[in-house]
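An overview of the molecular structure
Spelled out, the chains give:
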Amino acid sequence: MELIDGKWLSKEIKKEIAAQVDQIIAGGGKQPHLAAVLIGEDPASQVYVRNKVKACDLVGFKSTLIKKDASISEAELLQIVEDLNNDPDIDGFIVQLPLPKHIDEIKVTLAIDPKKDVDGFHPMNVGRMTIGLPAYLPATPFGIMQMLDKYHINVAGKECVVLGRSNIVGTPISLLLSRKANPGNATVILCHSMTQNIKDLCRRADVLVVAMGKPLFVTADMVKEGAVIIDVGMNRIDDPSAPKGTRLVGDVDFDAVADKCSFITPVPGGVGPMTITSLLMNTLKANQKEIYG
Ligand code: GUN
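Attention in this report is confined to the structure presented alongside it.

What counts as what
Residues numbered from 1 in each chain as written. Predicted model: local features only at pLDDT ≥ 70, side-chain atom pairs only at ≥ 80, totals over all residues. Heavy atoms only, no water. Helix = DSSP H or I, 4+ residues; strand = E, 2+ residues; numbered from the N terminus. Rg over C-alpha atoms; globule rule 2.2 N^0.38 Å. Buried < 20%, exposed > 50% of the residue type's maximum accessible area, 1.4 Å probe, protein only. Contact = heavy atoms within 4.5 Å. Areas by Shrake-Rupley, 256 points an atom, 1.4 Å probe, with all protein chains shown as cover. Core = buried A, V, L, I, M, F, W, Y, C linked by side-chain atoms within 4.5 Å. Pairing = 2+ DSSP bridges. Axes fitted to C-alpha atoms, helices over the stretch in contact; angles between N-to-C directions. Near = heavy atom within 4 Å. Polar contact = N/O pair within 3.5 Å; in protein donor to acceptor, adjacent residues only side chain to side chain. Nonpolar A, V, L, I, M, F, W, Y, C, P; charged D, E, K, R; others polar. Lys, Arg positive; Asp, Glu negative; His and termini not counted. Salt bridge = Lys/Arg side-chain N within 4 Å of Asp/Glu carboxyl O. Parallel < 35°, antiparallel > 145°, perpendicular 65-115°, else oblique.

**Side note on the overall build of the chain**
- Of the regular secondary structure elements, the chain holds 10 helices and 11 strands.
- Taking 2.2 N^0.38 as the reference for a compact globule, 293 residues should give roughly 19 Å; the C-alpha atoms of the chain span a radius of gyration of 19 Å, in line with that estimate.
- Dimensions of the chain, computed from C-alpha atoms along their principal axes, come out at roughly 55 × 40 × 35 Å.
- By the burial criterion, 48% of the 293 residues in the chain qualify as buried.
- Considering only intrachain contacts with a sequence separation of at least 6, the fraction spanning at least 24 residues in the chain is 69%.
- As displayed, the chain has an accessible area near 13,900 Å², and 54% of this comes from carbon and sulfur atoms.

Structure, rendered in structure tokens:
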């Protein structure tokens, strides 16, 4: 079994991004600038956004954090989005999800200029990705594709089973794995809450991508010998033997399945660090006008 080390790979990619930023600035270009909008006090969102801003500093990007109280109105948030769309210094921006219940996430996503949508959530980017046009790819699937590429894991013609059909992970990774590209050309089975015989389907998988948000869901009896496992889960569970009384686990029972796999991503240190790197790559693409010219 070989670990797919997202922590290491993300550091390597960040070094490459930092070198490109130096070149851009040395050539008289504009410093890449990412803005993040954070609404409310959701603890996980606060950590994610803090890490995104920290990563910008590390590679030499400018970053702007716009933090607002959960009581902000939808109209006020839409105005912030409009201002960011029109600010020539901002290359790309994200509105961290989830948003408070009184704000329509779809409405906010649709208001973002696709050219600045470095999350790749706007239907223009989703559609372009779907038909194989250049697009900002959503961070987690983009990170997974880079891991497969860097570890020379060939998925062409293989059976890939994806657990979870979210707009952010399951649905886009299914499209990317199956499209005519490299990595790609896989045969994909997308499983969800209505899927029957999920265990049997998992046992067939040459590549298993798990993004369900169910701690330790995938057990050894669900894994084929030699399978590649990509664990997108990030769950905090009680563990009286851990110093804090809790520990982070994925959707896969790592200890139980590791011996059966050819490759596996750990949690933490697997897919997680790659998502931030993908966001930085998209921001650099926005700065260089790579996608939309
Ligand atoms: N919430 C969870 N993941 C993400 C992400 O990738 N982008 C944004 N904007 N919000 C999220």
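The rest of the description comes next.
**Some words on the nonpolar core**
- The biggest cluster of nonpolar side chains holds 51 residues, and the ones touching the most others in it are Leu-177, Val-209 and Ile-230.
- Per-element accounting of this core gives the leading share, 7 residues, to helix α10 (residues 271-287).
- Leaving out residues up to four positions away in the same chain, Val-209 has contacts with Ile-144, Val-161, Val-162, Leu-163, Ile-173, Leu-177, Ile-230 and Val-232.
- Ranked by size, the runner-up nonpolar core spans 18 residues in total, among them Val-161, Val-223, Val-257 and Cys-261.

**Digging into the sheet that holds strand β3 (residues 62-68)**
- Ordered by their spatial adjacency, 3 strands build an open sheet running β3-β2-β4, and the pairing between neighbours is parallel. Only two strands of the sheet have a single neighbouring strand rather than two, namely β3 and β4 (92-95). Each strand of the sheet is rotated relative to its neighbour by a mean of 15°, with strand direction disregarded.
- Where strand β2 (residues 33-39) meets β4, 4 bridges bridge the pair, whose relative direction is parallel. From the neighbouring strand, Ala-35 faces β4, where its bridge partner is Phe-93.
- Helix α2 (residues 43-59) rests against β2, β3 and β4 of the sheet, and its axis sits at about 160° to β3.

**Quick look at the site of the ligand**
- In the vicinity of the ligand, the residues found are Lys-52, Val-95, Gln-96, Leu-97, Asp-119 and Phe-121.
- Residue Leu-97 places a main-chain N or O atom 2.9 Å away from a nitrogen atom belonging to the ligand.
- In isolation the ligand offers 280 Å² of accessible surface; the protein chains occlude 80% of this area.
- Grouping the constituent residues of the shell around the ligand by class yields 3 nonpolar, 1 polar and 2 charged.

**Notes on the environment of Ala-111**
- In this fold, Ala-111 is placed in helix α4 (residues 105-111).
- Sequence separation of Ala-111 and Asn-85 is 26 residues, and the distance between their C-alpha atoms is 8.8 Å.
- Not counting chain neighbours up to four residues away, the residues in contact with Ala-111 comprise Leu-78, Val-81 and Asn-85.

**Observations concerning the side chain of Arg-128**
- Looking at the element boundaries, Arg-128 is found in helix α5 (residues 123-130).
- Here Arg-128 sits buried without a salt bridge, and the closest side chain of opposite charge, Asp-117, lies 9.8 Å off (N-O distance).
- Those residues in contact with Arg-128, other than ones at most four positions away along the chain, are Leu-133, Pro-134, Ala-135, Ile-291 and Tyr-292.

**So, the pairing of strand β8 (residues 227-231)**
- In terms of burial, β8 is a largely internal element, 5 of the 5 residues being buried.
- Residue alternation in β8 divides its side chains into two sets, Ala-227, Ile-229 and Asp-231 and Val-228 and Ile-230, and both sets are buried.
- In this sheet, strand β11 (residues 261-264) lies alongside β8 in parallel orientation, the contact comprising 3 bridges. The residue bridging Ile-229 from the neighbouring strand is Ile-264, located in β11.

**A short note on the packing of helix α6 (residues 139-150) against α10**
- At a closest axis distance of 7 Å, the pairing of α6 and α10 adopts a crossing angle of 105°. Considering the angle they form, α6 stands roughly perpendicular to α10. Residues Ala-139, Thr-140, Phe-142, Gly-143, Ile-144, Gln-146 and Met-147 of α6 touch α10, and the partners they reach there are Val-271, Met-274, Thr-275, Ser-278, Leu-279, Met-281, Asn-282 and Lys-285.
- Across the contact of α6 with α10, the residue classes break down as 8 nonpolar, 6 polar and 1 charged.

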